[in-house]
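The primary structure of each chain is shown beneath.
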Amino acid sequence: MKSKLFIIGLIALVISACQENSKTTDEQSKTQVKNVETYNQTTEIPDYVLTPDEVETRIGTLKYFDGIPTEETAALLYDHLDFIRGVESFLNGMSATSLEALRRGQAELGAKNSNQVVIFDQLMDSKPLFLTGNTSTVYALAFLDLKKDGPTVIEIPAGAGPGTTNDAFFRFVIDHGAPGPDRGKGGKYLILPPDYEGEIPEGYFTAKSPSYVNWVALRGFLDEVESKPDEATKMWKEGLKIYPLSSADNPPVMEFINGSKMAFNTIHANDFAFYEELHTVIDREPIEMLDPELRGLFSSIGIQKGKPFNPDARMKKLLTEAVAVGNGTARTLLWYERDPSAFLYENSYWKEGFIGGSYEYLKDEGMGGRNLDARTHFYYFATVNTPAMAWKLIGAGSQYAWGYLDAQGNILDGGNSYRMNLPKDAPANRFISICVYDPQTRSMLQTNQPFPSYNSVRDKDKIITNEDGSVDLYFGPTPPENKDANWIQTIPRKGWFCLLRLYDPTEPWFDKTWQPGEITLVD
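All figures in this text were calculated on a predicted structure; none of them were measured in a lab. (Residues numbered from 1 in each chain as written. Predicted model: local features only at pLDDT ≥ 70, side-chain atom pairs only at ≥ 80, totals over all residues. Heavy atoms only, no water.)

(A) Quick peek at the overall build of the protein chain. If you tally the helices and strands in the protein chain, you get 9 helices and 22 strands. Seen along its three principal axes, the alpha-carbon backbone of the protein chain occupies a region of about 100 × 65 × 40 Å. Counting every position in the protein chain, which comprises 523 residues, the buried fraction comes to 50%. Long-range contacts, defined here as pairs at least 24 residues apart, represent 71% of the contacts in the protein chain between residues at least 6 apart. Surface summary for the protein chain: the accessible area is close to 25,800 Å², and the carbon and sulfur share equals 51%. Separation of charge centres in the protein chain, based on 51 positive and 71 negative side chains, amounts to 3 Å. (Helix = DSSP H or I, 4+ residues; strand = E, 2+ residues; numbered from the N terminus. Buried < 20%, exposed > 50% of the residue type's maximum accessible area, 1.4 Å probe, protein only. Contact = heavy atoms within 4.5 Å. Areas by Shrake-Rupley, 256 points an atom, 1.4 Å probe, with all protein chains shown as cover. Lys, Arg positive; Asp, Glu negative; His and termini not counted. Charge placed at Lys NZ, Arg CZ, Asp CG, Glu CD.)

Here it is, written out as structure tokens:
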């Protein structure tokens, strides 16, 4: 018994000694940042103001002499600063490089001037690398060069679907067609350069762009009888005109370049080349295109108008790592949503196309400033920025929902089979569609099906409809028995996601009395 008491007492002494030692260590730590001696003017300094001689952080131990970083710590922190600015430049500059990649991709097809239009007269299939393109409308895509051409006219024919002009930072300039000021009746648009100071002629729907390069993205609908692209193709080729205002009396002949069944790339880089793409845009465009805050971010890593982008070996290594982390961050924002308001419905994994419902990515009507994550989310997987995709426009424009998880919240595996139910009376005057995409490229999934999609108008004569009027779509590597018409092929050992589109959406979409079924795993 005594021996036990002796051991207990010994342990108590050891604990007491340790506590005293701990107190001594804490006191010594405090004295590391306080003067031992006091003077007439000495003020008691709160601990939270002082910097200890050593601080443990996620990037390592930071060491100081009386608050002054050591040379090693300073080098570590500069590396960290350049790294995080490289990450932020990726996340915030992505919209510029995405539009630049589109310009470069269309130029590869021969569309280098504003009168050269890439038209998908047999629709867009899965051949091109093109962020979430659709298989259901006839695209007509053109680029403007306002620095070379000056004020430029776009003649939109009557009956055009929703179209938009975006600036070089992928910001909204003006809509065309039904959601635009011509309201589907057609008309002449005049796009002014950012530095234009002359008179504005009458007879045009006029908009001034903040940039020289602008992307014009137009859509034409399939005819409602035979669901073919012929009428829309004819409309574009006969009615679409793009020319400098200075050449209005003798405009250049329009050239239409077929993009259907063509393999070309319009996606920005996810490696060091991303920063070179960004520099191309910043160096070309007027300095006023971006505010000083963003210009300062980009210039902090060496991207500045009028200067070459030539990082040294240290900086190139840091930026190569930064773009890898930025790329992973963008993908995390897409697949691991932490904002509950981003989901369309309660207890559902359907996500909004425009998170927050603002084409300017303003949070809480601007009270929360710019929703930076929502902006990165959108531009990493989509193109075209317009209020018509965000606002409640009954019977006009378009709406989107993103399906990327199954009903249990799991990522979609192309080796599994899934079912999605679309209730009857889909809330769209035109049509709804489902298109499947590749998570790597965010482009259409490339399988044996050239059009990995369902279109309620195009497929109306072949789709199998349930007794209640709803439609079951199936996704998997092989079709379910006797359901080939309702099947979209996926690839084993590869992920996928889909977009639901509604053209000319109606009230049941907005009041949510109609909603798509979840993507359900089929045993």
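(B) Spatial organisation of the pattern of salt bridges. A complete count under the given rule lists 16 salt bridges for this structure. A salt bridge links Arg 103 to Glu 100; its shortest N-O distance comes to 2.6 Å. Of this pair, Arg 103 and Glu 100 both sit in helix H2 (residues 71-108), separated by 3 residues, roughly a single helical turn. Linking Lys 462 and Asp 459 is a salt bridge whose minimum nitrogen-to-oxygen distance equals 3.7 Å. Under the relative-accessibility criterion, Asp 459 is labelled buried at 4%. (Salt bridge = Lys/Arg side-chain N within 4 Å of Asp/Glu carboxyl O.)

(C) Fine view of empty space enclosed by the protein. Counted by the stated rule, this structure contains 3 cavities of 30 Å³ or more. Roughly 200 Å³ of internal volume is contained in the largest cavity. Taken together, 21 residues make up the lining of the largest cavity; nearest its centre are Thr 132, Thr 383, Met 389, Tyr 400 and Arg 501. Secondary structure elements with two or more residues in the lining of the largest cavity: strand E5 (137-145), strand E11 (213-221), helix H8 (372-381) and strand E21 (497-505). A breakdown of the residues in the lining of the largest cavity according to their chemical character gives 15 nonpolar, 4 polar and 2 charged. (1 Å grid on protein atoms, 1.4 Å probe; cavity = no way out; pocket = protein on both sides within 12 Å on 5 of 7 lines; lining within 4 Å. Points joined across faces, edges and corners; volume = space filled by probe spheres on them. Nonpolar A, V, L, I, M, F, W, Y, C, P; charged D, E, K, R; others polar.)

(D) Representation of the side chain of Thr 266 in the model. Checked against the element boundaries, Thr 266 lands in the loop between strand E13 (255-258) and helix H5 (273-284). Within the structure, Thr 266 has its side chain in polar contact with the backbone oxygen of Leu 129 (distance 2.8 Å). Beyond its immediate chain neighbours, meaning those up to four positions away, Thr 266 contacts Ser 98, Ala 101, Leu 102, Gly 105, Leu 129, Phe 130 and Leu 131. (Polar contact = N/O pair within 3.5 Å; in protein donor to acceptor, adjacent residues only side chain to side chain.)

(E) Expanded view of the packing of H2 against helix H7 (residues 313-335). Where H2 meets H7, the closest approach of the two axes is 8 Å, and the angle between their N-to-C directions is 50 degrees. By the angle between their directions, the pair H2 and H7 is classed as oblique. Between H2 and H7 the crossing geometry is right-handed. Across the interface between the two elements, Tyr 78, Asp 79, Asp 82, Phe 83, Gly 86, Val 87, Phe 90, Leu 91 and Met 94 of H2 pack against Arg 314, Met 315, Leu 318, Leu 319, Glu 321, Ala 322, Val 323, Val 325, Gly 326, Asn 327, Thr 329 and Ala 330 of H7. The residue makeup of the contact of H2 with H7, split by class, is 13 nonpolar, 4 polar and 4 charged. (Axes fitted to C-alpha atoms, helices over the stretch in contact; angles between N-to-C directions. Parallel < 35°, antiparallel > 145°, perpendicular 65-115°, else oblique. Left-handed = near helix turned anticlockwise from the far one by under 90°.)

(F) View of the environment of Thr 513. With respect to the helices, strands and loops of the structure, Thr 513 is situated in the loop between helix H9 (507-510) and strand E22 (520-522). Taking the relative accessible area as the measure of exposure, Thr 513 reaches 62% and is therefore exposed. Here the alpha-carbon distance between Thr 513 and Pro 427, two residues 86 residues apart in the chain, equals 9.5 Å.

(G) Looking closely at H5. The terminal C-alpha atoms of H5, which comprises 12 residues, lie 17 Å apart, in line with the 16 Å expected from a rise of 1.5 Å per residue. Taken residue by residue, H5 has Phe 274, Tyr 275, Glu 277, Leu 278, His 279, Val 281 and Ile 282 as its buried positions. Those residues of H5 that are buried are in contact with H2, helix H6 (292-299) and H7. (Expected span 1.5 Å × (residues − 1).)

(H) Layout of the nonpolar core. Formed by 76 residues in total, the largest nonpolar core has its most connected members in Phe 90, Trp 215, Tyr 275, Phe 298, Ile 303 and Trp 402. By size, the runner-up hydrophobic cluster in this structure holds 27 residues, among which are Tyr 345, Leu 412, Ile 434 and Cys 498. (Core = buried A, V, L, I, M, F, W, Y, C linked by side-chain atoms within 4.5 Å.)

(I) Representation of the environment of Leu 218 in the model. Within the fold, Leu 218 resides in strand E11. Expressed as a C-alpha distance, the spacing of Leu 218 and Ala 142, which sit 76 residues apart in the sequence, is 8.6 Å.

(J) Seen up close, the confidence of the model for the protein chain. Averaged over every residue, the pLDDT of the protein chain is 93; residues scoring 70 or more account for 93%. Note that pLDDT drops below 50 for residues 1-31; the model gives that stretch 1 contact with residues more than four away or on any other chain. (pLDDT = per-residue confidence, 0-100.)

(K) Up close: the pairing of strand E1 (residues 54-57). Pairing between E1 and strand E2 (residues 60-65): 4 bridges, direction antiparallel. Residue pairing in the sheet places Glu 56 in a bridge with Thr 61 of E2. Taking the residues between adjacent antiparallel strands as the criterion, E1 and E2 are bridged by 2 residues. (Pairing = 2+ DSSP bridges.)

(L) Seen up close, the sheet that holds E11. Here 6 strands make up an open sheet; going across it, the order is E8-E7-E11-E5-E4-E13 and the pairing mixed. Two strands lie at the open edges of the sheet, namely strand E8 (172-176) and E13, each paired on one side alone. Strand-to-strand twist of the sheet, defined as the mean angle between neighbouring strand axes without regard to direction, takes the value 20 degrees. Here strand E7 (residues 163-166) pairs with E11 via 3 bridges, running antiparallel. Bridging across to E11, Thr 165 finds its partner in Val 216. Taken strand by strand, H2 contacts strand E4 (116-119), E5, E7 and E11, and its axis lies near 100 degrees from that of E5.

(M) Region of interest: unusual backbone geometry. Even without a glycine there, the phi angle at Arg 493 is positive, about 60 degrees. Considering the arrangement of structural elements, one finds Arg 493 in the loop between strand E20 (487-489) and E21. You will see that Lys 512, though not glycine, has its phi angle at about 65 degrees, which is positive. Relative to the helices and strands, Lys 512 is located in the loop between H9 and E22. Note on Lys 512: relative accessible area 38%, which makes it partly exposed.

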